[in-house]
Amino acid sequence: MLGLWGQRLPAAWVLLLLPFLPLLLLAVPAPHRASYKPVIVVHGLFDSSYSFRHLLEYINETHPGTVVTVLDLFDGRESLRPLWEQVQGFREAVVPIMAKAPQGVHLICYSQGGLVCRALLSVMDDHNVDSFISLSSPQMGQYGDTDYLKWLFPTSMRSNLYRICYSPWGQEFSICNYWHDPHHDDLYLNASSFLALINGERDHPNATVWRKNFLRVGHLVLIGGPDDGVITPWQSSFFGFYDANETVLEMEEQLVYLRDSFGLKTLLARGAIVRCPMAGISHTAWHSNRTLYETCIEPWLS
């Protein structure tokens, strides 16, 4: 800039202007850096916001200035409340966050929380979710003997839990809302008050609207792995599940995909589904593993 001025003004004038150069530089606006979209985190079964302290640290370190809200609702045993009740509570919490973020938000939803978030995307007509990151979530249901299950139903095994879960009383427990027994598919379709509905496996008057709402999402990022130890089968994190012979059928072989009942096939066709499998991570370590964060989560936090 001084060189150009020197060509137009006498050298004496240049010398007179030098003392004012710092003021001239201050008047030049600094380049604007776009801010990161807010991040909303939803916990899983028996969890609380404290479980996500490491994830919060990672986001603050790699994306400084990001507004991260770890929703502190339905903690601990309250996470056993029916999932539709939880969806309503979380909906009331995310609406004002989304309203303040016209550029969109990101959802990171862990385990059972991934199902809560998928239901949110279905029932919210005006959500503005850019990336829905489903972190080791039983998106196609759960069918496994786990410590959680043994604590909740100590006298039951996975082979006979359908007797409890597919009853009106059982559907009052969140885990039964996504219990998916491949040997009793008819009972599941008729009794499931949550998973069968958000999957579009059972007809209901809101199916078309819910599908349209779900397809508003920018990216669906699916994360899980074979060493999870809780999600059963682990491929449920990627919309895979057992058939009647307990052979795992991948997402593209599932009827909900083939029928595009809630939008999976459409999302895949437009390149909006990202699958990020990772071995060597147990269920309770997904939200604290730094390598997992850098590989599967951080790239989608625009």
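Residues numbered from 1 in each chain as written. Predicted model: local features only at pLDDT ≥ 70, side-chain atom pairs only at ≥ 80, totals over all residues. Heavy atoms only, no water.

A. Geometry of the nonpolar core. In this structure, F132, L220 and L264 are the most contacted members of the largest nonpolar core, which totals 61 residues. Residue contributions to this core peak at 7 residues, all from helix α6 (residues 112–123). Setting aside residues no more than four positions away along its own chain, L264 makes contact with L220, F239, M251, V256, Y257 and I273. In terms of nonpolar packing, the next biggest core, distinct from the first, is built from 24 residues, V70, L135, V221 and C276 among them. (Core = buried A, V, L, I, M, F, W, Y, C linked by side-chain atoms within 4.5 Å. Buried < 20%, exposed > 50% of the residue type's maximum accessible area, 1.4 Å probe, protein only. Helix = DSSP H or I, 4+ residues; strand = E, 2+ residues; numbered from the N terminus. Contact = heavy atoms within 4.5 Å.)

B. Region of the structure containing the environment of L268. Secondary-structure assignment places L268 in helix α14 (residues 264–269). Every residue in contact with L268, bar those within four places of it in the chain, is listed here: M251, E252, Y257, I273 and R275.

C. Structural view of helix α5 (residues 83–99). The terminal C-alpha atoms of α5 lie 24 Å apart, and with 17 residues this matches the ideal 24 Å at 1.5 Å per residue to within 8%. If you look at α5, its biggest bend is around 25°, right at A93, and the proline P96 turns up within four residues after that. Of all the residues in α5, the buried ones are L83, Q86, V87, G89, F90, V94, I97 and M98. (Expected span 1.5 Å × (residues − 1). Bend = angle between axes of the 7 residues up to and from the residue.)

D. Geometry of the pattern of salt bridges. One pass over the full model with this rule turns up 6 salt bridges. With its nearest N and O atoms 2.6 Å apart, the salt bridge here joins D260 to R211. You can see D260 sitting in the loop between α13 (255–258) and α14 and its partner R211 sitting in helix α12 (residues 207–214), a full 49 residues away along the chain. Using a relative accessible area of 12% as the deciding quantity, one classes D260 as buried. What makes R211 partly exposed here is its relative accessible area of 26%. One salt bridge in this structure joins R290 and E294, with 2.9 Å as the shortest N-O distance. Residue R290 and its partner E294 are both found in helix α15 (residues 290–297); the two are separated by 4 residues, about one turn of the helix. (Salt bridge = Lys/Arg side-chain N within 4 Å of Asp/Glu carboxyl O.)

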